Amino acid sequence: MFEQFAKINRIPRPSKHEEKMIDFLVEWGKRHGLDTNVDETGNVIIRKPATKGYEGRKTVILQSHMDMVCDKLVDVDFDFDKDAIQTYVDGEWLRAKGTTLGADDGIGCAIELAILEADDIEHGPLECVFTRDEETGLSGAEGMKPGFMKGDYLINLDSEDEGEIFVSCAGGRNTQARFSFQREQAPEGSFFLSAQLKGLCGGHSGDDINKKRANAIKILGRFLFQTMSRYEGVCLAEFHSGKLHNAIPRDGQFVISVPQDVKENVKADWNVFAAQVEDEFHVTDTSMVFTMESTDAQPVIAGKVARDFVWALQAVDNGVYAICQDPELNGMVETSSNIAAVHTSESEINILSSQRSNVMSNLDNMCATFRAVFQLAGAEAWSGDGYPAWKMKAESHLRDTVVEAYKELFGKEPIVRGIHAGLECGLFSERYPALDMVSFGPTLRDVHTPDERLHIPTVQMVWNHLLLVLKRI
């Protein structure tokens, strides 16, 4: 598995730009003499016949996504379109040097390739499926037509907690807003300040949304609201934070102009604010760095638009909105919202957010809440189509087999639960309603951030577990 993962991490595979990975998989399948196909969306399927004595078994689909979230530390020079991920071992963890590791979901792809290559394991007919563009919209799964997969059971290898078997997931949707404006000159005698915030933990906007981690956009927005409420003549020139809809933003910066006679007050306020926020998040975000310095003058955003934008940032919901009431889902987050990215240009402020819920009516409500806040502030706002929730089946032969195999191997009950993150199983459940599905995988932490790491011992555990499941199905 790790040999395959090393090969995969030499291949650039940002979301929506997986062409090199597709070519690699097609060449790999054909080189191994296996039936290999690509659909019109770019999903790859490699089929492997059953081993001797298992020909009469039902077909199992193993599925993972080939793209990865591309994020790096601000001071790391790295080109995700060209460079190979540089990995290293840190005790029991595998990490990358200053970038995301790509184990989400490169390790799932590696597991599939290792099983396809092996000639000493027992299994029925297999279909190994590699979908594209999971991270930025699940467009690979969305574009897959009925009939591409022909199996009876599907094991999704895109989960991040060994010992937990996932049987449902949240649906999700992106909601965006846009302010249009004219730039103008700052009031005469204004002093310009640039403020930066970095070092937040960030994380996955599904898996980590309930961990009370700081959101850089909300923090910077709080200070701007406080400052613009306290002092007359404060103008906003720039605001930049966040990259991806499914990541909690870890850093950001803004540029403001302030009257000369309050510049020292604003600097002092920033220091006090920094200390307060550090104390507020002293458990979850222990490496925050706040800086503020003078900068060159530049045109600013028209005053009313800037004020309305900052007031909307202060008002908009962010984080957990509701907890699942179903006792079988063990207090999982039901509904949440993450304000993910804000960027100013010469004439626009663009805001990106993502909403998730296991209850589709509440997903609609959360998206509408976000739109209403920004529309009241004078922005355009709209929601995308999104993807559906995956509902837990009352009866599942696959789930029962997976649980019993785990108990036999490890002498303990696995946790059977839902996940607040989105999985492609939700879309598969619409296209293939008869499919019996579960999701499991090795332990990953801090995915979608440069702190992403893979717990090495759990890879062996997942391998042993998966092989026993394939033998028992």
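Owing to the predicted nature of the structure, the values given are computational and were not obtained by experimental measurement.

Caption draft 1: Layout of helix α9 (residues 397-410). Helix length check: α9 (14 residues) gives 20 Å between terminal C-alpha atoms against 20 Å at 1.5 Å per residue, within 8%. Turning to α9, its buried residues number three or more, namely Leu398, Arg399, Thr401, Val402, Val403, Ala405 and Tyr406. The elements touched by buried residues of α9 are β7 (153-156), β8 (164-169), β22 (415-419), β23 (436-439) and α11 (456-472). Looking one or two residues past α9, Gly411 carries a phi angle of roughly 70°, positive in sign.

Caption draft 2: Fine view of the sheet that holds strand β4 (residues 87-90). Pairing in this open sheet of 4 strands is antiparallel, and the strands run β4-β5-β25-β24 from one edge to the other. Each of the sheet's edge strands pairs with one partner strand only, and the pair in question is β4 and β24 (444-445). In terms of strand pairing, β4 meets strand β5 (residues 93-96) through 4 bridges, oriented antiparallel. Counterpart to Tyr88 in the pairing with β5 is Arg95. Lying on the sheet, α11 is in contact with β4, β5 and β25 (453-455); it crosses β25 at an angle near 55°.

Caption draft 3: The environment of Leu468, seen in detail. Mapped onto the secondary structure, Leu468 falls in helix α11. Under the relative-accessibility criterion, Leu468 is labelled buried at 13%. The sequence separation of Leu468 and His123 amounts to 345 residues, and the corresponding C-alpha distance is 9.0 Å. Apart from residues lying up to four places away in sequence, Leu468 is in contact with Ala405, Glu408 and Leu409.

Caption draft 4: Here's a closer look at the packing of helix α2 (residues 19-31) against helix α3 (residues 103-117). Where α2 meets α3, the axes come as close as 12 Å, and the angle between the chain directions of the two elements is 15°. If you check the angle between α2 and α3, you find them roughly parallel. Between α2 and α3 lies a crossing whose hand is left-handed. Facing Met21, Phe24, Leu25 and Trp28 of α2, the residues of α3 in contact are Cys109, Leu113, Leu116 and Glu117. Its residues assigned to classes, the contact of α2 with α3 comprises 7 nonpolar, no polar and 1 charged.

Caption draft 5: Structural context of unusual backbone geometry. Along the chain, Asp104 connects to Asp105 via a cis peptide bond; the corresponding omega equals 5°. Note on placement: Asp105 falls in helix α3. Although it is not a glycine, Asp446 sits at a positive phi angle of roughly 55°. Along the chain, Asp446 turns up in the loop between β24 and β25.

Caption draft 6: Examining the packing of α3 against α11 more closely. Across the interface, α3 lies against α11 with an axial gap of 12 Å and an inter-helix angle of 50°. On the basis of their axis angle, the class for α3 and α11 is oblique. For the pair α3 and α11, the crossing hand works out as right-handed. For the pair α3 and α11, contact is made by Ile107, Ile111, Ala114 and Ile115 and by Val459, Val462, Trp463, Leu466, Leu467 and Leu470, respectively. Residue composition of the contact of α3 with α11, grouped by class: 10 nonpolar, no polar and no charged.

Caption draft 7: Fine view of a negative patch on the surface. On the surface, Glu3, Glu117, Asp119 and Asp120 cluster together into a patch of negative charge. By secondary structure assignment, the location of Asp120 is in the loop between α3 and β6 (126-131). The class for Asp120 is exposed, based on a relative accessible area of 64%.

Caption draft 8: Fine view of the environment of Gln298. With respect to the helices and strands, Gln298 occurs in the loop between β16 (289-294) and β17 (300-301). Overall, Gln298 belongs to the partly exposed group, its relative accessible area being 21%. Each C-alpha atom of the pair Gln298 and Gly147 lies 57 Å from the other, and the pair is 151 residues apart in sequence. Once you skip the residues sitting within four places of it in the chain, Gln298 turns out to touch Phe192, Ala237, Glu238 and Val255. Separated by 3.1 Å, the side chains of Gln298 and Glu238 make a polar contact.

Caption draft 9: Here's a closer look at the nonpolar core. Formed by 59 residues in total, the largest nonpolar core has its most connected members in Leu62, Ile115, Phe130, Ile155 and Leu466. The element best represented in this core is α3, accounting for 9 residues. Setting aside chain neighbours within four positions, we find Leu466 in contact with Leu62, Ile111, Ile115, Ile155, Leu157 and Phe440. The next biggest cluster of nonpolar side chains, apart from the first, holds 51 residues, and it includes Leu200, Ala216, Ala274 and Val310.

Caption draft 10: Just the pairing of β8, in detail. Counted residue by residue, β8 has 6 buried out of 6 residues, so it is predominantly covered. Summarising the sheet, β8 and β22 pair through 5 bridges and their orientation is parallel. Counterpart to Ser168 in the pairing with β22 is Gly418.

Caption draft 11: Structural detail: helix α5 (residues 216-230). Taking 1.5 Å as the rise per residue, α5 with 15 residues should run 21 Å; its terminal C-alpha atoms sit 21 Å apart, in good agreement. Where α5 begins, the side chain of Asn215 points an oxygen toward the backbone nitrogen of Ile217, at a separation of 2.9 Å.

Caption draft 12: Examining the side chain of Asp104 more closely. Locating Asp104 in the fold gives a position in helix α3. Among buried charged residues, Asp104 stands out as having no salt bridge; its nearest opposite-charge side chain is Arg13, 8.1 Å away. A polar contact of 3.1 Å, which involves the side chain of Asp104, links it to the side chain of His448. The contacts of Asp104, once residues within four sequence positions are left out, are His65, Asp67, Met68, Glu135, Asp158, Glu160, Leu444, Val447, His448 and Glu452.

Reading the values: rules and limits
Here the residue index of a chain counts from 1 through its sequence in written order. At least 70 in pLDDT is required for a residue's local features to be given in this predicted model, at least 80 for side-chain atom pairs to be given and counted, and no such filter applies to totals for whole chains, interfaces and linings, which use all residues. The basis for the side-chain values is all heavy atoms of the structure; hydrogens and waters are excluded. Segments assigned H or I by DSSP are reported as helices when at least four residues long, segments assigned E as strands when at least two residues long, and all are numbered from the N terminus. To estimate the expected span of a helix, subtract one from its residue number and multiply by 1.5 Å. Exposure categories follow from relative accessible area, calculated using a 1.4 Å probe and restricted to protein chains: below 20% of the type maximum is buried, above 50% is exposed, and the middle band is partly exposed. Any two residues having at least one pair of non-hydrogen atoms within 4.5 Å are treated as being in contact. Two strands qualify as a pair provided DSSP detects at least 2 bridges between them. Whenever a helix is involved, its axis is fitted only over the stretch in contact; in every case the axis is a line through C-alpha atoms, and angles between N-to-C directions fall within 0 to 180 degrees. Working rule for angles: under 35 degrees goes down as roughly parallel, over 145 as roughly antiparallel, 65 to 115 as roughly perpendicular, anything else as oblique. Crossings are assigned a handedness: left-handed for a near helix turned anticlockwise from the far helix by less than a right angle, right-handed for a clockwise turn. Residue polarity follows a fixed list, in which Ala, Val, Leu, Ile, Met, Phe, Trp, Tyr, Cys and Pro are nonpolar, Asp, Glu, Lys and Arg are charged, and the others, Gly among them, are polar. Within this analysis, patches are made of residues with over 30% relative accessible area and no salt bridge. Like charges are joined at 9 Å or less; nonpolar side chains (Val, Leu, Ile, Met, Phe, Trp, Tyr) at 5 Å or less. Surface accessibility in these figures is a Shrake-Rupley result with a 1.4 Å probe; residues are shielded only by whichever protein chains are displayed. Take a side-chain nitrogen of Lys or Arg and a carboxyl oxygen of Asp or Glu: if they are within 4 Å of each other, that pair is a salt bridge. Just so you know, the count uses Lys and Arg for positive and Asp and Glu for negative, and it drops His and the chain ends. Positions of charges follow a simple convention, taking NZ of Lys, CZ of Arg, CG of Asp or CD of Glu. Polar contacts here mean pairs of N or O atoms no more than 3.5 Å apart (in protein, one a potential hydrogen donor and the other a potential acceptor; neighbouring residues in sequence count only if both atoms are side-chain atoms). By nonpolar core we mean a set of buried residues, namely Ala, Val, Leu, Ile, Met, Phe, Trp, Tyr and Cys, connected to one another through side-chain atoms within 4.5 Å.

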